Amino acid sequence: MKSLASLVLANVLLLLLLRIKTTKSVHHVNWTRSEIMDPFGLYLLEWKVDNKEIIFTTTVNTRGFIGLGFSYRHGKMAGSDLVLAWVDDSTGLPNVLDCHGHRDGNGAPIQDDTQNYTVINGYQNATHTVIQFKRALETCDPDDLVITSDSMKVLWSYGDKDPIHGNHKGHSKNRGWKNMHLLNPHFKKPAQKDAKIEQWDVTVKNITIDASMDTIYWCKIFRAPDLKEKHHIIGYEPLLTKESSTKHPLIHHMTLFECDSYSGSDPNAWDVWGKTVGAVCNSDSLTPHDWNSCITPVATWGKGGNGQFLPEHVGIPLGGRDGVKYYMLEIHYDNPHAKRILDHSGFRLHYTKKLREHEGGMLITGITVSETQMIPPGQKLYRNLGICGPSCTGAVFPESGIKIVSTALHSHAAGQKMKLRHVRDGKELDRIVEDDNYDHNFQEIHQLANETTILPGDYIITDCAYETLKRKRPTLGGYSTKQEVCLAFITYYPRIDLASCYSMTPVKEFFENFGVHGFYGINMTDVENSILYNSDLDAYSTATVFPNFPPGGDLNDRENRIAIEALKHAKEFSEVSEEEIVYKNSTLNKLIISDPAEFHERTFLTHLYQLPWSEPLFTRRVEQAILTGKHMTFCRTSKESVSVPPEIFTYPNFTNLVKPASHCPYQQYFEMYSGSSCHLTALPAITLFAAIVALCCY
């Protein structure tokens, strides 16, 4: 393994030296990105964005062709946007060819009808080929993808021969793809000579994940390094055991939280906890109550990500006399393939005593993790959203606001589109982050090219869209990957006493949206308390505690007693998807409807399952009722001395952001119907006919 790493490093250094020899330069741009594409360090891709053009430079260990491609939903050549580049062996001239892959994936790349790539320069020597070329971000060519800041799969390949005589064959055993945010900047670790950088590894030790464990959250307490003076965290990287970085990694995500260890707890207890291996998170019997004070995030990582380094003017505080003394690492293990491993994963934090200009922090926003977040089955796109409103931003944000430098979007497998929206004075401003091709297997942090200022009184809306076409039952909110979340981890400055800002549909309104007004054996207030405080419904429900008595009514009410006993033994109640333990153990599966009478033989979960979700008008009505109805905001502060009460409010009235119309002919007809089955690639070059096609699709 060490020799392979040395080989890769040597290859990378050689590529960079060769790159310096490129004779023709490009004009100044805002940032430059580079990425080693292959596992052996033989393919270097560099790119720059200049106005509405993207400029690529490929430096590859070959004298043959170089392939580059783009795809949104897969890493295969089929249907992808491709380009082939090479230096002609006889003339020494560089060439680029605009191509696309066969729809069925077979055969050589097909040359586009329109050439949208322009060669800037290129050369080859005895071992390598270097070619620089450019294209517009939006070419208006139906065979080219629009390059945006969305998550994208970038394909790479190379071969030992030039394409000749019309043969565009780009197949090669030397090929692959990488997930990327092509248009986002990438803040890098500063050079050691610029700032003395130290490291703190925060990892679990010898945590056994057994084959019987499907989803588990594990928490471990750590004592901070003994730093007499304040330092700044400037970045962090994940440290993953080998088994956790394979094709089916066991770790879904990790978060490191600060702990407010001075909230009336015994300081000596924290040291004891720090010496243990940890415990299952949020367990009443295993996790000390004081751990609930560990709520302010400082580092987050999701599957497929690489951590982050902060811009040069921002650092997160660490150490010092008044600094945080204890941290909690939370790891979400997801084990659907029933593996058994010994895990040592966590974070490597990079910090320096050279303090930066601004002190930053991290907060979480989105939808409160709760089963009241619901996505119906069989949906191509269905939206949920969480709102952080003026009750929080107005109470906690400084007058000059905060500046967002990066955002990590987080949902589970059903997530397809995510965006962080910004509303001020009744008008939606530019999106803070938007990813219309969200991939839960690529949870890389979006670093912003332009910092976004959020002022007191502004709204931050986390807007998520899900696809459940293959699912037969409703998907509920929850921590398991079989459930869903809608969250955004925001890195910002200046630092404030805010850990998170969530919202959810108020519990009573949630049930009323589905025509339900009461349950047997428990009143709506107790249902609300059970859901809000994640407490056991059995503690409130006489239906469970006294199964032989008719709950919530006359003990001689024989009809109620018989109805409940019969329902508890009915298939819908006792065998709801036995293989899906999460579904069967749902709180909503324990609530037996009493009002209205026509639903009284159902649990609420069975009621959801029986609703006509295949009817688009019904589904859209429910979706809009939840989106634009009442929301309940929770503003969790990092210190107990700062308290902001929850607030229930109606969805704010504002003017939606209207994106600039595409400059491409015909494209505008399809932007309104992004859910249709039509594709721009099928459009003819006649405006009137294009409009008719769009209307037919609608």
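Refer to the structure presented above.
Residues numbered from 1 in each chain as written. Predicted model: local features only at pLDDT ≥ 70, side-chain atom pairs only at ≥ 80, totals over all residues. Heavy atoms only, no water.

1. Let's talk about the state of the cysteines
In protein chemistry, a disulfide is the covalent bond that joins the sulfur atoms of two cysteines. Counted under the stated rule, the structure contains 6 disulfides. Sulfur-sulfur distance for the disulfide between C140 and C664 comes to 2.0 Å. The S-S bond linking C140 to C664 shows a torsion near -80 degrees; that makes this disulfide left-handed. Of this pair, C140 sits in the loop between β9 (129-136) and β10 (152-158) while C664 sits in the loop between β40 (644-650) and α12 (668-671), and the two are 524 residues apart along the sequence. Judged by its relative accessible area of 34%, C140 is partly exposed. Linked covalently through their sulfurs, C388 and C501 form a disulfide whose S-S length is 2.2 Å. Note on the C388 and C501 pair: the S-S dihedral is about 100 degrees, so by sign convention the disulfide is right-handed. Taken together, the residues C388 in strand β27 (residues 382-388) and C501 in strand β36 (residues 500-504) connect sequence positions 113 residues apart. Per residue, the accessibility class of C388 equals that of C501, and both read buried. (Disulfide = S-S within 2.5 Å. Helix = DSSP H or I, 4+ residues; strand = E, 2+ residues; numbered from the N terminus. Buried < 20%, exposed > 50% of the residue type's maximum accessible area, 1.4 Å probe, protein only.)

2. Overview of the sheet that holds strand β8 (residues 118-124)
The antiparallel open sheet is built from 5 strands, whose spatial order is β1-β2-β3-β9-β8. Across the chains shown, the open sheet's two edge strands, defined by having one partner strand only, are β1 (32-36) and β8. Looking at each pair of strands side by side, their axes are set apart by 15 degrees on average, direction ignored. Both strand β2 (residues 43-50) and strand β3 (residues 53-60) contribute to a ladder of 8 bridges, which runs antiparallel. (Pairing = 2+ DSSP bridges. Axes fitted to C-alpha atoms, helices over the stretch in contact; angles between N-to-C directions.)

3. Side note on the pattern of salt bridges
Taken as a whole and judged by the stated rule, the model has 22 salt bridges. The shortest N-O distance in the salt bridge between K153 and D439 comes to 2.8 Å. Pair noted here: K153 is in strand β10 and D439 is in the loop between β31 (433-435) and β32 (446-454), with a separation of 286 residues, a long-range link. Neither residue differs from the other here; K153 and D439 are each classed as buried. Residue D322 pairs with R321 through a salt bridge whose shortest N-O separation is 3.8 Å. (Salt bridge = Lys/Arg side-chain N within 4 Å of Asp/Glu carboxyl O.)

4. Description of helix α2 (residues 267-274)
Every α-helical turn comprises 3.6 residues, leaving residues that sit three or four positions apart pointing alike. Of all the positions in α2, only A269, W270 and W273 are classed as buried. An end-on view of α2 places all buried positions within 105 degrees of arc, on one side of the element. Exposed side of α2, more than 90 degrees from the buried face: N268 and V272 are the residues found there. At its buried positions, α2 is contacted by β14 (215-223), β16 (251-259), β18 (294-302) and β21 (326-334). Its side-chain oxygen placed 3.0 Å from the backbone nitrogen of N268, D266 serves as the N-cap of α2. (Arc of directions from axis to C-beta. Contact = heavy atoms within 4.5 Å. Polar contact = N/O pair within 3.5 Å; in protein donor to acceptor, adjacent residues only side chain to side chain.)

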